[in-house]
Amino acid sequence: MRSKIIAANWKMNKDEYESKKLTFEILKHLNKNNNTSINKILCVPFPFLSTIINMCSGIEGLFVGAQNCSSNIDGPYTGEVSCLMLKSLSVRYTIVGHSERRDLFGESESLILEKIKRLVAENMIPIYCCGESLEERNKGFHIKKVLNQIEDSIFKLSTKEVKNVIIAYEPIWAIGTGKTADLEDIQEIHLAIRKGIRSKFGRSISKNISILYGGSINALNAKQIFDLSDVDGGLVGGASLNSQDFIDIVNSFN
Ligand code: PGA
């Protein structure tokens, strides 16, 4: 059985006080109703990891993750944060290859692959993001684009390594825009990803890998998206910055 996952991507939002407040409100909601069959992962900015990990410790089904990591182990890389640093804080999940990192920071598929390899070597779990631009979608290249991304990174992992990976399909044009992909299109591409994984790694891995959708998920559209047979949850940006919206999204998943 693949895991059901709702990951919050706070991006570069909120200061320390606001982060604690948002976490406190989420904990209050979960205290009343915590569906522990859904893994909730709060991917928060680096400076607040320790604080939020402490606040969330001992809550079943709730995890704290990072939004990025270095592809290097240690050394003269000013401003970078290594997997080992994250691991020493008991962080297990890390987003890698988000389209903002690809587009704004020039991250290539080969760099993303190095990060994934570092993470899985430490028994950590990358949340690997892929997705097409609007232009690629309009030209009908979306499936090819996403499968190419996956071939250049995920397919280069061993069977043992890929078992620890979560995939998040995020059409770039849907991120932060209020536009979501059509339900049929989401299902089509998730199925194409799963079939690709099956042809490379076999049926058992493809059945067990979690594939999340991301891009303008909100409390109103979440249920329909999560009901799709090849969608195993979501990566939520804007709506995860409000505790009620985030919890409504979690609760719409069953
Ligand atoms: P969004 O962001 O929900 O604000 O569209 C999703 C993401 O970037 O992961």
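Residues numbered from 1 in each chain as written. Predicted model: local features only at pLDDT ≥ 70, side-chain atom pairs only at ≥ 80, totals over all residues. Heavy atoms only, no water.

Caption draft 1: The arrangement of the overall build of the protein in detail. Helices and strands together make up the secondary structure of the protein, namely 12 helices and 8 strands. Compactness check: the protein gives a C-alpha radius of gyration of 17 Å against a globular reference of 18 Å for 254 residues, within 12% of the reference. For the protein, the spread of C-alpha atoms along the three principal axes comes to 45 × 45 × 35 Å. Within the protein, buried positions represent 52% of all 254 residues. Of all intrachain contacts in the protein linking residues separated by at least 6 positions in sequence, the fraction that spans at least 24 positions is 71%. Working note: accessible area of the protein is about 11,700 Å², and carbon and sulfur atoms make up 50% of it. Put simply, the protein has 31 plus and 29 minus side-chain charges, and the middle of one group is 6 Å from the middle of the other. (Helix = DSSP H or I, 4+ residues; strand = E, 2+ residues; numbered from the N terminus. Rg over C-alpha atoms; globule rule 2.2 N^0.38 Å. Buried < 20%, exposed > 50% of the residue type's maximum accessible area, 1.4 Å probe, protein only. Contact = heavy atoms within 4.5 Å. Areas by Shrake-Rupley, 256 points an atom, 1.4 Å probe, with all protein chains shown as cover. Lys, Arg positive; Asp, Glu negative; His and termini not counted. Charge placed at Lys NZ, Arg CZ, Asp CG, Glu CD.)

Caption draft 2: Up close: the pairing of strand 3 (residues 62-65). Note that strand 2 (residues 38-43) and strand 3 share 4 bridges and pair parallel. Bridge pairing in strand 3 links C43 to G65. Regarding the hand of the β-α-β motif, the stretch spanning strand 2, helix 2 (residues 49-56) and strand 3 is right-handed. (Pairing = 2+ DSSP bridges. Right-handed = clockwise from strand over helix to strand, strands pointing away.)

Caption draft 3: Inspection of helix 2 at higher detail. Taken as a whole, helix 2 has its buried residues at L49, I52, I53 and C56. One side of helix 2 carries all its buried residues, which in axial view fall inside an arc of 105°. Contact partners of the buried residues in helix 2: helix 1 (16-32), strand 2, strand 3 and helix 3 (83-88). One or two steps after helix 2, the chain reaches G58, where phi turns positive at roughly 85°. (Arc of directions from axis to C-beta.)

Caption draft 4: A look at the pairing of strand 7 (residues 211-214). Where burial is concerned, the two faces of strand 7 agree: the one with I211 and Y213 and the one with L212 and G214 are both buried. Bridging between strand 6 (residues 166-169) and strand 7 involves 3 bridges; their strand directions are parallel. Counterpart to A168 in the pairing with strand 7 is L212. Note: strand 7 against strand 8 (residues 233-236), 2 bridges, orientation parallel. Residue Y213 lies in a different strand from strand 8, and its bridge partner there is G234.

Caption draft 5: Structural view of the layout of surface pockets. The calculated volume of the largest pocket comes to roughly 440 Å³. The wall of the largest pocket is formed by 15 residues, among which K11, M12, Q67, R101 and F105 lie closest to the centre. It is helix 4 (residues 99-105) that contributes the most residues to the lining of the largest pocket, 4 residues altogether. Across the lining of the largest pocket, the residue classes tally to 8 nonpolar, 4 polar and 3 charged. (1 Å grid on protein atoms, 1.4 Å probe; cavity = no way out; pocket = protein on both sides within 12 Å on 5 of 7 lines; lining within 4 Å. Points joined across faces, edges and corners; volume = space filled by probe spheres on them. Nonpolar A, V, L, I, M, F, W, Y, C, P; charged D, E, K, R; others polar.)

Caption draft 6: Summary view of the environment of M124. Within the element layout of this structure, M124 appears in the loop between helix 5 (109-121) and strand 5 (125-130). A C-alpha to C-alpha distance of 7.8 Å links M124 and T94, two positions 30 residues apart in sequence. Non-local contacts of M124, meaning those with residues more than four positions away in its chain, are made with C83, L86, K87, V91, R92, T94, L119 and N164.

Caption draft 7: A positive patch on the surface, seen in detail. Together, K195, R198, R203 and K207 make up a region of like positive charge exposed at the surface. Looking at the positive patch, the elements that each hand over two or more residues are helix 9 (183-201) and helix 10 (203-208). Mapped onto the elements of the fold, K207 is located in helix 10. On the accessibility criterion, K207 (52% relative accessible area) is exposed. (Patch = residues over 30% accessible without salt bridge, like charges linked within 9 Å, V, L, I, M, F, W, Y side chains within 5 Å. Salt bridge = Lys/Arg side-chain N within 4 Å of Asp/Glu carboxyl O.)

Caption draft 8: Summary view of the site of the ligand. Around the ligand sit 13 residues, and of these K11, H98, E170, G176 and S216 come closest. At 2.7 Å from an oxygen atom of the ligand is found a side-chain nitrogen or oxygen belonging to K11. At a separation of 2.7 Å, an oxygen atom of the ligand approaches a polar backbone atom of S216. In isolation the ligand offers 280 Å² of accessible surface; the protein chains occlude 96% of this area. Classifying every residue of the shell around the ligand by side-chain character gives 4 nonpolar, 7 polar and 2 charged. (Near = heavy atom within 4 Å. Polar contact = N/O pair within 3.5 Å; in protein donor to acceptor, adjacent residues only side chain to side chain.)

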